[in-house]
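Each chain is listed here by its residues.
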2 protein chains.
Amino acid sequence: MNKIYNPARETWSKILKRPTANFSDIEETVKGIFIEIQKKGDKAVAKYTSLFDGISLTDIQVSDDEIQTAISLVSDELKEAIQLAKSNIEKFHSAQKTAKIEIETTEGVQCWQEKRPIQKVGLYIPGGTAPLFSTVLMLAVPAKIAGCQEIVLCSPPDKNGKINPAILYTAQLCGVNKILKVGGIQAIAGMTFGTTTIPKVYKIFGPGNQFVTVAKQFATQFGVAIDMPAGPSELLIVADESANASFVASDLLSQAEHGGDSQVILVTTSKDFIDAVEKDVSSQIKSLPRKAIAEKAIKNSKLIYVENNQIAIDLINEYGPEHFIICSKNEKYYVDNIQNAGSIFIGNYTPESAGDYASGTNHTLPTNGYAKNYSGVNLDSFMKSMTFQKISEKGIQNIGSAIEIMAEAEGLQAHKNAVTLRLKAIENGK
Amino acid sequence: MNKIYNPARETWSKILKRPTANFSDIEETVKGIFIEIQKKGDKAVAKYTSLFDGISLTDIQVSDDEIQTAISLVSDELKEAIQLAKSNIEKFHSAQKTAKIEIETTEGVQCWQEKRPIQKVGLYIPGGTAPLFSTVLMLAVPAKIAGCQEIVLCSPPDKNGKINPAILYTAQLCGVNKILKVGGIQAIAGMTFGTTTIPKVYKIFGPGNQFVTVAKQFATQFGVAIDMPAGPSELLIVADESANASFVASDLLSQAEHGGDSQVILVTTSKDFIDAVEKDVSSQIKSLPRKAIAEKAIKNSKLIYVENNQIAIDLINEYGPEHFIICSKNEKYYVDNIQNAGSIFIGNYTPESAGDYASGTNHTLPTNGYAKNYSGVNLDSFMKSMTFQKISEKGIQNIGSAIEIMAEAEGLQAHKNAVTLRLKAIENGK
């Protein structure tokens, strides 16, 4: 772990620099597969599933039978845990519903804003060793609450042509319409263009490896929206002597086990606390199954001492962490002044894992400094806001002249005419 | 104008196809200028301002003196019109403020969502013949209401090194912090990387020509967010015999005068209405100063007859127009069923120009079918939503076991440990 004491402000951006990934070698691969799937549809999808996942499938749509089998394979204990998490995520995301906002801006000029669901959304769930059924909850639950008509889920098949039962169980529980055994670039390309089997969607959500990340970014060139740009996961903890070093160490490690490139940072106003956390990390890491991964991330981690809370919050806002844990007797100061963070965890009994799974907040969050300009996934991510206006004869009389003057000053005569014609018609009794 | 009667559903996507722009030749230019500005800052900015705008400037920041001069140059009539528009835009966007959403998802698990402003935003306002001070209103007003700390405005200087007075007047009226005489690719690159004079911003808003469009898209590779992908402006009107052909023609023309590539579409359930509108367009277009531009757009415009409202709304939702005018005796049907549109104008006295300038709604809207997955600019465009959670000892006892089970099932032992340690500490009375 790198211990840094009182870093000068001008060094912050260097200290806090994230690793920059170079995807240029992957881009050509992604482009090639996109073009082929655009042209050849399902046939090309099957080719790449065979190539990358090592399995030839005649039907990539998960059948009802497969879902029933999956349901029977998930333990009751896990089902109950998933249901509790789902209930909390539902409560929090349902609370995010916004009413129609309506206002008469000038007499006779009625304006309103309404949010309507994005009709077709695609959820990508990675395969691999860790079956991310928690991400199914985080994406499918708000999609359903938003009212998206078509919720498609793509996840790569394993060598036996199957998707992990917990993923299937969760997907059906959340009301996903269609589950497809397809992963990687071919899944993203399929949902971008649509094939006979894979529906074309308007927005793609979900995490993935570097191929999926580049594919999602590339998909945006074809009119598809994506949840947000992706980068390695991050945790920054601010803690003082009121914090528990053992808890803080466990949180840093829970971030570190995500991947060797995970970003793990502690900012503290207590020098002793740095040493205590370092000791606890060393002892806790020993028994982790994903020790090798965690060690790599911990090696690059930073324990930063600063003199006071003001300096700490400035540094944290410059970084803009995805996850931000506050264990400080001055927690209100940090809550009030944090400007850039994805999700914030407050107090000694609020580990990041709570938000990863079951508190109710979403775990799909902006990384790589995007907390400065992007929201984490929330109910609005599955909707778009539309505006409406209805103007009466009285209303156009009230604002018509202003429009005419402005349109003329911008040199747009036809814009002016559209108002003038109406005003004249009203004057002449139509 | 292209008259199309009862088009078969399978031909819709072809009929409604937007022109696809090929920007590949511009991309290299954009990349080159970005790299140079990243390296050389203001010096490179000055070089390109000289090259593209034909003026060498020693200081690109607009001074207080220049602003005072601009204020004196704008007529009182125009000032009043701008103030009326500003007042309506302020009312509508202020109404979009959302309260903190707070909920206890499980006893002891407090979750809330708060929106906080994007700290630094950049507004791009094109130069050229039409000084788009209305766009200054549409961007600066919500930025100010959102509470953005730094609002930077870039607009290209004219041959005399000046920015149109109406733009300067509006910018100062709306509380823009810094106005810079810089346009095109060099403005976008400057706000992306920051130079000695141009602040680095987190999100860039505003319209522009193809160079600006490509530059904004390219800027997203460097961590900057943008309002939305841009395309030519669009208007779709649905009208029946209750509509006024002359009004409808004037609206189609107000769209057509934007540019030769403007998309102009009428959908109607009345064959006679098509002919009436065509006649009115021909007569109104004659006296337009921007006749040549309008003619080009009108030549490509489409007047589409369909048999009933159900078919009409399906077609309209497939297109997803930026602007959608409803002049129909069945207006409620269209209002209730429109799923994909940027801004909707209802009734015979609600021309698109009203929303372009003064009704209060925003005129920065999704084009090119992006109404299917993007919101128009609104108050939230200048904020990001952040989530918070605070869990008590009781709370972690309530959800801790579910987290442990889920983390273990996902193979993430350290995530589990972070909870286990806390539960044990509580059991042992810490």
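So, how was this worked out
Residues numbered from 1 in each chain as written. Chains lettered and ligands numbered in written order. Predicted model: local features only at pLDDT ≥ 70, side-chain atom pairs only at ≥ 80, totals over all residues. Heavy atoms only, no water. Least-squares fit on C-alpha atoms with pLDDT ≥ 70 in both. Contact = heavy atoms within 4.5 Å. Disulfide = S-S within 2.5 Å. Buried < 20%, exposed > 50% of the residue type's maximum accessible area, 1.4 Å probe, protein only. Buried area = accessible area lost by both parts, 1.4 Å probe. Salt bridge = Lys/Arg side-chain N within 4 Å of Asp/Glu carboxyl O. Polar contact = N/O pair within 3.5 Å; in protein donor to acceptor, adjacent residues only side chain to side chain. Nonpolar A, V, L, I, M, F, W, Y, C, P; charged D, E, K, R; others polar. Pairing = 2+ DSSP bridges. Helix = DSSP H or I, 4+ residues; strand = E, 2+ residues; numbered from the N terminus. UniProt positions renumbered as here; feature names shortened; annotations may be inferred. Core = buried A, V, L, I, M, F, W, Y, C linked by side-chain atoms within 4.5 Å. Domains from an automatic or database assignment. Axes fitted to C-alpha atoms, helices over the stretch in contact; angles between N-to-C directions. Phe/Tyr/Trp six-rings, centres within 6.5 Å; stacked < 30°, edge-to-face > 60°. Lys NZ or Arg CZ within 6 Å of the ring centre and 35° of its normal.

Peer 1: Quick question: what am I supposed to make of the relation of the copies chain A and chain B here?
Peer 2: What relates the two chain copies is a rotation about an axis together with a slide along it. Here chain A sits on chain B after a turn of 180 degrees about the axis and a move of 0.0 Å along it, with an RMSD of 0.0 Å. This pairing of chains is accounted for by a two-fold axis. Closest approach to the rotation axis among the C-alpha atoms of chain A is made by Thr98 of chain A, whose C-alpha sits 4.2 Å away. Both copies share a contact surface, since 100% of the interface residues of chain A are interface residues in chain B too.

Peer 1: Help me out: how do you make sense of the state of the cysteines in this one?
Peer 2: Should the sulfur atoms of two cysteines be covalently bonded, the bond is a disulfide. Under the counting rule described, the total for this entry stands at zero disulfides over all chains. Cys174 of chain B takes part in no disulfide bond, and the closest cysteine sulfur to it belongs to Cys148 of chain B, at a distance of 13 Å. Its relative accessible area of 5% is what places Cys174 of chain B among the buried residues. Note on Cys327 of chain B: no disulfide assigned, nearest cysteine sulfur contributed by Cys111 of chain A at a separation of 16 Å. Of the residues examined, Cys327 of chain B reaches a relative accessible area of 3% and is grouped as buried.

Peer 1: Mind showing me how you'd approach the interface of chain A and chain B here?
Peer 2: In many reports, interface size means the accessible area that the parts give up when they come together. Counting from both sides, the interface comprises 117 residues of chain A and, opposite them, 117 residues of chain B. Across the chain A/chain B interface, buried area totals approximately 10,100 Å², and carbon plus sulfur atoms make up 61% of it. Taken as a group, Tyr349, Glu410 and Arg422 of chain A account for 9% of the area that chain A buries against chain B, more than any other trio of residues on that side. Across the salt bridge formed by Arg422 of chain B and Asp251 of chain A, the nearest N and O atoms sit 2.6 Å from each other. Counting across the chain A and chain B interface gives 70 residue pairs in polar contact (both at pLDDT 80 or more). Here the side of chain A that touches chain B is composed, by residue class, of 59 nonpolar, 40 polar and 18 charged. In this sheet, strand E14 (residues 383-391) of chain B lies alongside strand E13 (residues 343-346) of chain A in parallel orientation, the contact comprising four bridges.

Peer 1: Just checking my understanding: could you explain the UniProt feature "binding site: substrate" (unreviewed entry) in chain A for this structure?
Peer 2: UniProt's feature table lists "binding site: substrate" (unreviewed entry) at Ser233, Gln255, His258, His323, Asp356, Glu410 and His415 of chain A, given in the numbering used throughout. For the residues just named, distributed over 183 residues, the greatest C-alpha separation reaches 55.7 Å, placing them at more than one site. Checked against the element boundaries, Asp356 of chain A lands in helix H15 (residues 352-357). Owing to a relative accessible area of 7%, Asp356 of chain A belongs among the buried residues under this scheme. When sequence neighbours within four positions are dropped, the list of residues in contact with Asp356 of chain A reads Ser134, Met138, His258, His323 and His363 of chain A together with His415 of chain B. Topologically, His415 of chain A is positioned in helix H17 (residues 413-427). His415 of chain A has contacts with Ala407 of chain A together with Ser254, Glu257, His258, Ser353, Asp356 and Tyr357 of chain B, leaving out every residue within four places of it along the chain.

Peer 1: Help me understand the nonpolar core, please; the structure alone is not making it clear to me.
Peer 2: Soluble globular proteins: nonpolar side chains tend toward being buried together. One finds Val121, Leu123, Ile179 and Phe382 of chain A together with Met406 of chain B to be the most contacted residues of the largest nonpolar core, which totals 66 residues. Excluding its chain neighbours within four sequence positions, the residues that come into contact with Ile179 of chain A are Ile60, Gln61, Val62, Ile67, Leu153, Ile163, Leu168 and Ala171 of chain A. Counting 65 residues, the second-largest nonpolar core is a separate cluster that includes Leu423 of chain A together with Ala81, Ile179 and Phe247 of chain B.

Peer 1: Would you mind going over the environment of Ala21 of chain B with me for this structure?
Peer 2: Mapped onto the fold, Ala21 of chain B is located in the loop between helix H1 (12-15) and helix H2 (24-40). Accessibility expressed as a relative area gives 54% for Ala21 of chain B, which makes it exposed.

Peer 1: What exactly am I supposed to notice about the sheet that holds strand E6 (residues 178-181) of chain A here?
Peer 2: Backbone hydrogen bonds are what pair the strands of a sheet, in a parallel or an antiparallel way. An order of E6-E5-E4-E7-E8 (chain A) is seen for the five strands of this open sheet, with the pairing classed as parallel. Each end of this open sheet is capped by a strand with a single partner; those strands are E6 and strand E8 (225-226) of chain A.

Peer 1: I would appreciate a short explanation of the domain arrangement of chain A in the present structure.
Peer 2: Residues and elements named next belong to chain A. Considered domain by domain, chain A is made up of domain 1 (24-100 + 115-226), domain 2 (231-375) and domain 3 (392-427). If you average the C-alpha positions of domain 1 and of domain 2, the two centres end up 29 Å apart. With twelve residues of domain 1 at the interface, the matching set in domain 2 holds eleven residues. Surface buried jointly by domain 1 and domain 2 totals about 870 Å² across both partners, of which 57% is contributed by carbon and sulfur atoms. Where domain 1 meets domain 2, there are zero salt bridges. Counting only elements with at least two residues in the side of domain 1 that touches domain 2, the list comes to helix H5 (76-94) and helix H6 (133-146). Considering every element that reaches the side of domain 1 that touches domain 2, the biggest residue donor is H5, with six residues.

Peer 1: I would appreciate a short explanation of the pairing of strand E3 (residues 109-117) of chain B in the present structure.
Peer 2: Note on strand geometry: in a regular strand, side chains alternate between the two faces of the sheet. Residue and element names in this part refer to chain B. Counting buried positions over the nine residues of E3 gives seven, a clear majority of the element. Relative to E3, strand E2 (residues 101-106) runs antiparallel, the two sharing five bridges. Residue pairing for E3: Ile103 is matched across the bridge by Cys111. The antiparallel hairpin formed by E2 and E3 contains two residues in its connecting segment, where Gly108 sits at a positive phi of about 90 degrees. Bridge count between E3 and E14: nine bridges; the pairing is antiparallel. Bridged to Trp112 within E14 is Phe388.

Peer 1: For this particular structure, what's the right way to read the sheet that holds strand E13 (residues 343-346) of chain B?
Peer 2: Strand order in the open sheet made by the nine strands is E2(A)-E3(A)-E14(A)-E13(B)-E12(B)-E9(B)-E10(B)-E11(B)-E1(B), with mixed pairing throughout. Two strands close off the open sheet at either side, each with one partner strand: strand E2 (101-106) of chain A together with strand E1 (2-5) of chain B. The sheet shows a mean angle of 20 degrees between the axes of neighbouring strands, direction not considered. In the sheet, E1 of chain B pairs with strand E11 (residues 302-305) of chain B via four bridges, with the strands oriented parallel.

Peer 1: Help me understand the environment of Lys296 of chain A, please; the structure alone is not making it clear to me.
Peer 2: By the secondary structure assignment, Lys296 of chain A is in helix H12 (residues 291-299). Given the relative accessible area of 55%, Lys296 of chain A is considered exposed.

Peer 1: Help me understand the pattern of salt bridges in this model?
Peer 2: A side chain with one charge may pair with a side chain of the opposite charge, provided their charged atoms come close. Residues and elements named next belong to chain A. Evaluation of the coordinates by the stated rule reveals 36 salt bridges over all chains. Here Arg116 and Glu114 are joined by a salt bridge, their closest N and O atoms 2.9 Å apart. Exposure class is identical for Arg116 and Glu114. Each is buried. A salt bridge links Lys291 to Glu295, with the shortest nitrogen-to-oxygen separation between them at 3.9 Å. One end of the pair is Lys291 and the other is Glu295, both in helix H12 and four residues apart, which spans about a single turn. Residue class for Glu295 comes out partly exposed when judged on its relative accessible area of 39%. One salt-bridge network, in which partners are shared between bridges, spans Lys3, Asp275 and Glu278.

Peer 1: How should the packing of aromatic side chains be read in this particular structure?
Peer 2: Two descriptors summarise a pair of aromatic rings, namely the distance from one centre to the other and the angle between the planes of the rings. Per the stated rule, a full pass over the model turns up 24 aromatic pairs over all chains. For the pair Trp112 of chain B and Phe388 of chain B, a centre-to-centre distance of 5.3 Å together with 0 degrees between the ring planes defines the contact as stacked. Residue Trp112 of chain B is found in strand E3, and its partner Phe388 of chain B is found in strand E14; the two are separated by 276 residues along the sequence. The pair Trp112 of chain B / Phe388 of chain B is uniform in exposure class, with both members buried. Put simply, the rings of Phe34, Phe193, Phe218 and Phe222 of chain A pair up and form one aromatic cluster. Here the basic side chain of Arg18 of chain B rests over the ring of Tyr319 of chain B, its NZ or CZ set 3.7 Å away from the ring centre. The cationic tip of Lys271 of chain B hangs over the ring face of Tyr305 of chain B; the distance from NZ or CZ to the ring centre is 5.0 Å.

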